[in-house]
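Here are the chains, one letter per residue:
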Amino acid sequence: MGLFGTFGFKEAGLYDEYEKLNPDITIKETVIERNENYYPQLLNHLTSDSGLADVQAIEVANIAEIVDTQADKFMDLSEVKGVSEEDYLPWKWQMGSTSDGKLVGLDSDIGPMAVCYRKDHFEAAGLPTERDEVSKLWEGDWQKYLDVGRDFQKKAPDGVAWADAAGGVYNAAVSSNETRYYDEDGEVIYNESPGVQESWEIASTAAEEKLTGNLQQFTKGWDQAMSNGDFATVSCPPWMLGYIADKGGEKAMGKWDVAQAPVPGNWGGSFFGVPEAAENKEEAAEFVAWLFAPEQQAKLFAERGSFPSTPSAYEMDSVKSATNEYFGDAPIGEIFATAAEGTPVQIIGPKDQVIAENIANGLRLVEQGKEDADGAWDSTADAVDNALDR
């Protein structure tokens, strides 16, 4: 398994379960923490047809490029026994498929958005701590989330920021928009996109007003700040729950909770492909079909919080009634199902990842005080345009 980040398959016991069902199979992981480092390596390995894992993860922001330019490098998973299009959300299945119907990547999860928050920090700042009351504080508008953050900072514990990172705030806000970087015709429109402009304004304002912790997500510094409790909120799709629990450890158990996001959105959701050059591709394809069947997706959600991309799983008790002990027994099945119902179907383009990375870099300039929001946007637009011209 070639992975980026924390998927939780091993921790949820799914590898052990499959190995018991198939004693001749051994499953191993190679994990690169950040997709920004993982994905270029994957492209290099695909180009050379060497160094590939039997199964390769593909981040949702990269799936369009993989389908458009690398489809011939992957098996057609729609032909694998046990894989049925009817089991999956139509829009996610379509993302992983070519125009002639080849399934390059089988989808593993979706990322309906919530906000995870530290109850102890909210209490110290005089804010409500019950999740329903917290959700109402910013319901319907990311600008309200900033307003609550301003109130928080007036009485915040020493050294605690309202949000972790401007990039995280931006990702959450922009993910509530159907149209972001590309239009329906596949044209790049990030510079004129209302969703991008509004999300940039929210995130850059948070950075300029020092509401963020001046952190870069998925780095050692961010991990340490999460462990230390140095920020009060983090934009929180389901897959983030396992990450917070891993980095926060036992000392933060019960201090976190989960509230609805201001506006429903989708951040994340991955795909898994089996390269034609994989050493054990037939066995790998059978494993992928089993791992992302509704039953296993429901188990993974119950254990790690990854929200299923298989609608039949939503009616399983392990999803519908799921709670998370680490987050104060938050009813995460109910919370994320509600968010999923309101999430728009997003238009994904081949260079979404490139554009998003450069926007995150631009926001870092604002957080670090190197440029104001307008200057940083100009620098960002230049960087994006140069990257797209390569």
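In case you missed it, the structure is sitting above this.
Residues numbered from 1 in each chain as written. Predicted model: local features only at pLDDT ≥ 70, side-chain atom pairs only at ≥ 80, totals over all residues. Heavy atoms only, no water.

Peer 1: Describe the packing of helix α16 (residues 352-367) against helix α17 (residues 373-389), with residues and values.
Peer 2: Between α16 and α17, the least distance of the axes is 9 Å, while the angle of their chain directions is 155°. What the angle tells us is that α16 and α17 run roughly antiparallel. Crossing of α16 against α17: the hand is right-handed. Across from Val354, Ile355, Asn358, Ile359, Gly362, Leu365 and Val366 in α16, the residues of α17 making contact are Ala373, Ala376, Trp377, Ser379, Thr380, Ala383, Val384, Ala387 and Leu388. Considering only residue class, the contact of α16 with α17 consists of 12 nonpolar, 4 polar and no charged. (Axes fitted to C-alpha atoms, helices over the stretch in contact; angles between N-to-C directions. Helix = DSSP H or I, 4+ residues; strand = E, 2+ residues; numbered from the N terminus. Parallel < 35°, antiparallel > 145°, perpendicular 65-115°, else oblique. Left-handed = near helix turned anticlockwise from the far one by under 90°. Contact = heavy atoms within 4.5 Å. Nonpolar A, V, L, I, M, F, W, Y, C, P; charged D, E, K, R; others polar.)

Peer 1: A description of the pattern of salt bridges should follow, citing residues and the corresponding values.
Peer 2: By the definition in use, this model includes 16 salt bridges. One salt bridge in this structure joins Asp257 and Lys119, with 3.8 Å as the shortest N-O distance. Of this pair, Asp257 sits in strand β8 (residues 256-260) while Lys119 sits in helix α5 (residues 119-124), and the two are 138 residues apart along the sequence. Shared partners join several salt bridges into a network, and the residues in it are Glu33, Asp223 and Lys247. (Salt bridge = Lys/Arg side-chain N within 4 Å of Asp/Glu carboxyl O.)

Peer 1: Before we move on, could you go through the sheet that holds strand β6 (residues 161-163) and cite the residues and values that matter?
Peer 2: Judged by pairing direction, the sheet is mixed, and its 4 strands sit side by side in the order β6-β7-β5-β8 without closing on themselves. The open sheet has two edge strands with one neighbour each: β6 and β8. Across the sheet, the mean angle separating the axes of adjacent strands is 20° when strand polarity is ignored. As paired strands, strand β5 (residues 114-118) and β8 are joined by 5 bridges and run antiparallel to one another. Pairing of Cys116 across the sheet is with Val258, part of β8. Together, β5, β6 and β7 (231-236) form the strand contacts of helix α7 (residues 142-154), whose direction differs from that of β6 by roughly 170°. (Pairing = 2+ DSSP bridges.)

Peer 1: Give me the lowdown on a negative patch on the surface, citing residues and values where you can.
Peer 2: On the surface, Glu208, Asp372, Asp374, Asp378, Asp382, Asp385 and Asp389 cluster together into a patch of negative charge. At 5 residues, α17 tops the list of elements feeding residues into the negative patch. Among the secondary structure elements, Asp382 is positioned in helix α17. (Patch = residues over 30% accessible without salt bridge, like charges linked within 9 Å, V, L, I, M, F, W, Y side chains within 5 Å. Areas by Shrake-Rupley, 256 points an atom, 1.4 Å probe, with all protein chains shown as cover. Lys, Arg positive; Asp, Glu negative; His and termini not counted. Charge placed at Lys NZ, Arg CZ, Asp CG, Glu CD.)

Peer 1: Hey, could you go over the side chain of Arg34 for me, with residue numbers and the actual values?
Peer 2: Tracing the chain through its elements places Arg34 in the loop between β2 (30-32) and α2 (35-48). For Arg34, a relative accessible area of 17% corresponds to the buried category. Apart from the residues within four sequence positions on either side, Arg34 is in contact with Phe4, Gln216, Gln217, Phe218 and Thr219. (Buried < 20%, exposed > 50% of the residue type's maximum accessible area, 1.4 Å probe, protein only.)

Peer 1: Describe the state of the cysteines, and please don't skip the residues or the numbers.
Peer 2: Among covalent bonds in proteins, the disulfide is the one between the sulfur atoms of two cysteines. One pass over the full model with this rule turns up 1 disulfide. Here Cys116 pairs with Cys236 through a disulfide, and the sulfurs are 2.1 Å apart. The sign of the -55° torsion about the S-S bond sets the Cys116-Cys236 disulfide as left-handed. Here Cys116 is found in strand β5, whereas its partner Cys236 is found in strand β7, with 120 residues between them in sequence. We note that Cys116, like Cys236, is buried. (Disulfide = S-S within 2.5 Å.)

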